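Topology and contacts: notes
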Amino acid sequence: MAKIVPQPGISEIALYQGGASQIEGVQNVVKLSSNENPFGPSPKAIDALRKAAHTLHRYPSTDHLPLRRAIAETFDLWSDNIICGVGSDEIISLLCYGYAGSGDEVLYTEHGFSMYKISALAAGATPVVVAEKNRVVDVNAILERAGTKTKLVFLTNPGNPTGTMIPESDIRRLADGLPPQCLLVVDGAYIDYVEGCDGGAKLTHAYDNLFVTRTFSKLYGLGGLRVGWGYGPKYIVDTLNRLRGPFNLSGPALAAAEAAVLDREYAEKCRLDNARLRTWLAGALAEHGVSSDTSMTNFILARFGSQPEAEACDDYLKTQGILVRRVAGYGLPQCLRITIGDEASCRRVAHAVGQFKAGKR
Ligand SMILES: *Cc1c(COP(=O)(O)O)cnc(C)c1O
């Protein structure tokens with residue numbers, strides 16, 4: 001019998017590879033492969049989630065107003081310009097369906113997040129990769145490549161898996177210089193780790209072609225609940241809301257995210273702990289001859305001499321019960337991405353890398 005054929009582009013999608021969470025036969029595994037908050041979410045978020053168990057028979061809100069108000073209050077933004085999604089992954093997907101189709105190009109950078117390509121292909125658009133310069137987004141290269149077919153440009157800032165960041169002046173330069181039909185999307189999954197920086201959110205008040213995405217999965221420790229949000233011009237938010245499922249976010253997820261974003265003290269504590277442990281881990285790795293760019297995020301991109309060395313180190317770490325992330329799929333075969341865990345995990349991974357480099361394996 002003839003097979004039913006899907007829309008063009010869909011068969012080209014390579015399935016997303018998540019960070020591993022288990023090692024066969026090893027107990028007490030330290031998971032440093034998915035950039036999760038090692039301390040989990042605010043206790044207030046867990047409380048809110050428990051309380052939400054009493055209203056599971058009710059449909060959730062469709063406009064997410066309490067969560068949007070809480071986000072707006074915390075970050076001093078406009079609640080009308082916020083859209084909430086099932087992780088920022090959903091916002092990325094809605095942007096692609098809303099603004100790119102057959103014949104359109106979706107640009108992202110060399111070491112960019114794999115969801116941009118997946119969502120572009122799903123929408124029938126053509127994904128286009130632009131080179132970075134020494135693991136940093138190259139604004140000039142993007143401006144040179146963007147043309148009349150370019151509908152979307154995705155940047156991760158700070159970058160994953162690079163951990164590097166471009167300044168707001170560069171985001172402005174992009175928004176000013178891109179072709180008029182093109183929307184610039186700045187993915188701020190890690191911006192909560194950067195003190196005093198909103199990743200361009202307020203800049204969207206002055207630009208019709210700038211949009212940012214944010215998430216509860218990283219600093220806020222709610223990756224398992226799937227809550228993200230987008231921020232930008234109201235006319236873009238209106239478009240995405242037409243595409244969004246009315247009940248995309250569950251009541252418990254909305255309640256937990258609202259409590260999490262309002263607990264500023266907890267978020268600040270996590271940010272400071274991460275910064276302290278990140279400095280320590282980068283120093284410890286450097287002492288073992290493993291260099292890294294200064295990270296603005298909750299992970300370190302550890303650079304080894306070669307792909308075989310990086311892979312051998314990853315294999316050794318596994319024997320020690322430590323999971324980190326290989327990033328060859330992101331064009332960085334000689335690197336391993338290591339999430340900043342709690343203090344014990346940081347010490348454990350630093351020690352194990354030291355043992356590996358000393359040849360004790
Ligand atoms: C983790 C991450 C996200 C967050 O995705 P969610 O769907 O919100 O969990 C988005 N972009 C990048 C680059 C990430 O690393």
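Small disclaimer: the values here were computed from a predicted structure and weren't measured.

1. Looking at unusual backbone geometry
Leave glycine aside and you will find that most residues have negative phi; peptide bonds, for their part, are mostly trans. Residue Asn157 is joined to Pro158 through a cis peptide bond whose omega torsion reads -5 degrees. Within the element layout of this structure, Pro158 appears in the loop between strand S5 (150–156) and helix H6 (168–177). Following Asn160, the chain continues into Pro161 via a peptide bond in cis, with omega recorded as 10 degrees. Its place among the elements puts Pro161 in the loop between S5 and H6. Despite not being glycine, Arg135 shows a phi value in the positive range, around 65 degrees. The residue Arg135 is located in the loop between strand S4 (126–130) and helix H5 (139–145) in this model. The backbone phi angle of Arg226 is positive, close to 65 degrees, even though this residue is not glycine. For Arg226, the position within the fold is in the loop between strand S7 (210–215) and strand S8 (228–231). Exposure remark for Arg226: the relative accessible area of 29% places this residue in the partly exposed category.

2. Quick word on the sheet that holds strand S9 (residues 299–303)
The strands making up a sheet associate through backbone hydrogen bonding, with each pair oriented either parallel or antiparallel. Spatially, S9-S12-S11 is the arrangement adopted by the three strands of the open sheet, whose pairing is antiparallel. The open sheet has two edge strands, S9 and strand S11 (325–326), and neither has a second partner. Two strands pair when backbone bridges link them, and S9 and strand S12 (residues 335–339) are joined in this way by five bridges, in the antiparallel orientation. Paired with Phe299 across the bridge in S12 is Thr339. Strand contacts of helix H10 (residues 307–319): S11 and S12, with the helix running at about 35 degrees to S12, the strand carrying the most contacts.

3. Structural notes on the environment of Ile91
Mapped onto the elements, Ile91 comes out in helix H3 (residues 87–99). Look at Ile91 and you get buried, because its relative accessible area is 0%. For the pair formed by Ile91 and Phe247, sequence separation is 156 residues and the distance between their alpha carbons is 14 Å. Among residues more than four places away in sequence, those in contact with Ile91 are Ile83, Cys84, Gly85, Phe211, Thr213, Trp229 and Gly230.

4. Focus: the pairing of strand S6 (residues 183–187)
Counting buried residues in S6 gives five out of five residues, a clear majority hidden from the surface. Neither face of S6 is exposed, since Leu183, Val185 and Asp187 on one face and Leu184 and Val186 on the opposite face are all buried. Pairing of S5 with S6, which is carried by five bridges, proceeds in the parallel orientation. Bridging across to S6, Phe154 finds its partner in Val185. With H6 bridging S5 and the parallel S6, this β-α-β connection has right-handed handedness. Pairing of S6 with S7 involves four bridges; the strand directions are parallel. Residue pairing across strands places Val185 opposite Phe211, the latter belonging to S7.

5. Observations regarding the site of the ligand
Around the ligand there are 13 residues in total, and Ser88, Asp187, Thr215, Ser217 and Lys218 lie nearest to it. The separation between an oxygen atom of the ligand and a polar side-chain atom of Ser217 is 2.6 Å. Out of a free accessible area of 390 Å², the ligand has 93% covered by protein chains. Grouping the constituent residues of the shell around the ligand by class yields three nonpolar, six polar and four charged.

6. Digging into the sheet that holds S7
In space, the seven strands of this open sheet follow the order S2-S8-S7-S6-S5-S3-S4, with mixed pairing throughout. The sheet terminates laterally at strand S2 (82–85) and S4, the two strands that pair on one side only. Averaged over all adjacent pairs, the angle separating strand axes in this sheet is 20 degrees, with direction ignored. Where H6 meets the sheet, its contacts fall on S5, S6 and S7, and the angle it forms with S6 comes to roughly 160 degrees.

7. Observations regarding the nonpolar core
Counting 53 residues, the largest nonpolar core has Ile71, Ile142, Leu184, Phe216 and Trp229 as the members making the most contacts within it. A per-element tally of this core places helix H8 (residues 251–262) first, with six residues. Of the residues that make up this core, three or more belong to each of domain 1 (10–40 + 265–357) and domain 2 (43–263). If near-sequence neighbours (up to four positions away) are discounted, Leu184 is found in contact with Val153, Leu155, Ile171, Leu174, Ala175, Leu178, Asn209, Leu210 and Phe211. Counting residues in hydrophobic clusters, the runner-up holds 30 residues, among them Tyr116, Leu152, Leu301 and Leu332.

Analysis parameters
- As a convention, each chain's residues are numbered from 1 in the sequence order in which they are written.
- Local features in a predicted model are, by the rule used here, given only for residues with pLDDT of at least 70; side-chain atom pairs are given and counted only at 80 or more, and totals for whole chains, interfaces and linings are based on all residues.
- Note: side-chain values were computed over all heavy atoms of the structure, leaving out hydrogens and water.
- Put simply, DSSP marks the helices as runs of H or I at least four residues long and the strands as runs of E at least two long, and each gets a number from the N terminus on.
- Here's how the labels work: a residue is buried when its accessible area is under 20% of the maximum for its type, exposed when over 50%, partly exposed in between, all with a 1.4 Å probe on protein chains only.
- Strand pairing is defined by DSSP finding a minimum of two bridges between the two strands.
- Note on definitions: a residue-residue contact is assigned when non-hydrogen atoms from the two residues lie within 4.5 Å.
- Every axis in this analysis is a line fitted to C-alpha atoms, fitted for helices over the stretch in contact. Angles between the N-to-C directions lie between 0 and 180 degrees.
- Handedness is read with the strands pointing away from the viewer; a crossover is right-handed when the path from the first strand over the helix to the second is clockwise.
- For this description, a residue counts as near a given molecule or strand if any of its non-hydrogen atoms is within 4 Å of it.
- The term polar contact refers here to a pair of N or O atoms within 3.5 Å; inside protein, the definition further demands a hydrogen-donor-capable atom paired with an acceptor-capable atom, and it admits residues adjacent in sequence only when both atoms are side-chain atoms.
- To measure how exposed things are, a 1.4 Å probe is used in the Shrake-Rupley method; for residues, cover is taken only from the protein chains shown.
- Each residue gets one of three labels, nonpolar for Ala, Val, Leu, Ile, Met, Phe, Trp, Tyr, Cys and Pro, charged for Asp, Glu, Lys and Arg, and polar for the others, Gly among them.
- Buried Ala, Val, Leu, Ile, Met, Phe, Trp, Tyr and Cys residues that are joined via side-chain atoms within 4.5 Å together make up what is termed a nonpolar core.
- The domain boundaries here were taken from an automatic or database domain assignment.

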